[in-house]
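# Topology and contacts: notes
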Amino acid sequence: MTFEMGEETRIVQGMWDISTYQYMIDGRGMKLLVDSMKEKKIRGIKCSNCGTVYVPGPTFCRKCYIDCDEVVEVQDTGEVMSFAVEMADVRGNPVEEFKLTAMIKLDGADTWIIGTITGIDWKDARIGMRVKTIWVDEPVGSLSDIDRFEAI
Amino acid sequence: MRDVGIIGVGYTPVFVSKRKDVNISEMISEAVDAAFRNTNLTPDDIDAITYGNMETFEGVNMPHLWGADHCRAIDKPYMRIATGGTTGMSTLHSAYYHVASGMHDVVMAITWEKQSEGDSQVGLGGIVMPEAVCMAQFGMDLFGGKGMGAMGGGSTGAAAYQATSYLHHSGASPEHIDKMAALERSNAALNPYAHLRKKTTVEDIQATPFIAWPLRFGHTCPTSDGATVVIVASGDKVEKLADSVAWINGVGCGTSDPATGNFIEGQITDPAEQEAAKMAAAKAFAMAGIKDPKKEIDMAEMYNGFAHQSLMWLEKLGLCDEGQAHVMLDRGALNIDGELPTNASGGVFSTNAIGASAMNRPAECALQIMRKIEGGHQIPKKIKNAVSHGWGGMFQYVTVTVLGDEPRHG
């Protein structure tokens, strides 16, 4: 093909600063979750109609489209539904330490969360693997009260 | 509904990383002019225009109105579409609805992205920005990955989780992703409108580092500058205006649970499940009178930001049984001269001007049916039925268009 790029045109800098936007977020389910984490527990919301357990909990069931507020506790153990091993940044530069992260379905929950798994060679990771939550020593009511997950 | 056909396609002369010689509207006008040149039509023949891109990728609001003159849209009905990765095909579907409904006879669909002018990571981040900030306020470690998080998979995001899940459930190996990547890059080398045009071997792909296992650098798409314009017409106008046509026989789209996003309300599900793809394909095939897509579809153009996705979509769309796409790959069935040539163009994986990416899929099918492919990737066999696919949103929005050499209805 005979295509030749023309001369470079003028470039002007611009900025669209999304940090100036103010978004409204209910956050009830998050508050419920982190409050329970202070006790090393994990709580979500169950739909009274279909029984789906969401963690963190929503204000309504997306399948039944009804309000839901039934608080349920799920286990801090679960199953790996999928995983990935972070090895390089987007430019291909290797990271110092490979990191095994996974989508985890906690026992008793129907939705998945994401966490880092340690204590296992990444080559041994597999879907269906059982994991348990490793809590920090002194939880404060924060998502970081879960330090990591370990293979059982 | 009326018969609607694609009667012409116009691409920008190239799809590349940076078009520094033209601005957005100037770039788009190149594809608009090409569409007129390729159809021998003039702006007077066009009744209405649809237009698609993602505004946050360049940070230009209402680019269609800014560029109305370059798009030859002055004094015409004009509608802008933005549905994420699927934008290109949604813009075509909108043009289809304009004509099938009887409202208009000849409609031009304009799709583009000029990613070098913006920051697509900022644009993508905008999708989940409020939730990510909320998670951070509740103590999520945004960068270290400690504790319970919402985002993972490293630089490839949830695509790596999708790939792992797909490999597990299909029985394919990571080497099949390498093989699909090499096939598509080599197809792209034959396509003058592809961005990454280098004949590539499996060994070349395997020499690239893993970003997030099982995905390598060589499994990921580029970001491109480029535009694609398609002109559609009603059956009677096709007879009067066109020397060749590819009929739009079926359209479908579907939405399911976001596999990423809304994670502050427990909304993370299997990114490889893709119920929306099954829903959209079933609708489009039924509309096109396709009873057995495994037998009746002659070629496929799949939306694949990552190389594993071509294989995954073939299964989700019902073009082969679950777990069979990699078997077809191994026996050469997906090659340009195979039973089901898949991404003969090189796919999104080789050319990705996002707003145009899901338009290039049906555009390539149309050019294959009309046997107007420029370059070396014309499929040798006659194409009676072709399927094209778009994917995006928060991993959960899918569009499907079935094209044919004759009008067919279910």
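Our subject is the structure listed above.
Residues numbered from 1 in each chain as written. Chains lettered and ligands numbered in written order. Predicted model: local features only at pLDDT ≥ 70, side-chain atom pairs only at ≥ 80, totals over all residues.

## Observations regarding the overall build of chain A
Within chain A, the secondary structure is distributed over 1 helix and 8 strands. Along its sequence from the N terminus, chain A presents helices and strands in the succession α-β-β-β-β-β-β-β-β. Taken over the C-alpha atoms alone, chain A extends approximately 65 × 40 × 35 Å along its principal axes. Across the 152 residues that make up chain A, the buried fraction comes to 35%. Across chain A, every contact between residues at least 6 apart in sequence was considered, and the portion connecting residues at least 24 apart equals 50%. (Helix = DSSP H or I, 4+ residues; strand = E, 2+ residues; numbered from the N terminus. Buried ≥ 20, exposed ≤ 12 C-beta atoms within 10 Å, placed from the backbone. Contact = placed C-beta atoms within 7 Å.)

## Observations regarding unusual backbone geometry
Most peptide bonds take the trans form, and the phi angle of most residues other than glycine is negative. The amide bond that connects V55 of chain A to the next residue, P56 of chain A, takes the cis arrangement and shows omega of -5°. Tracing the backbone shows P56 of chain A in the loop between β2 (53–54) and β3 (70–74). Residue P214 of chain B is bonded to the preceding W213 of chain B through a cis peptide linkage, with omega at 10°. With respect to the helices and strands, P214 of chain B occurs in the loop between β6 (210–213) and β7 (215–216). With a phi angle near 70°, F395 of chain B is a residue other than glycine that sits in the positive phi range. Along the chain, the position of F395 of chain B falls in the loop between β11 (385–392) and β12 (397–404). Residue F395 of chain B is classed as buried on the basis of its 28 C-beta neighbours within 10 Å.

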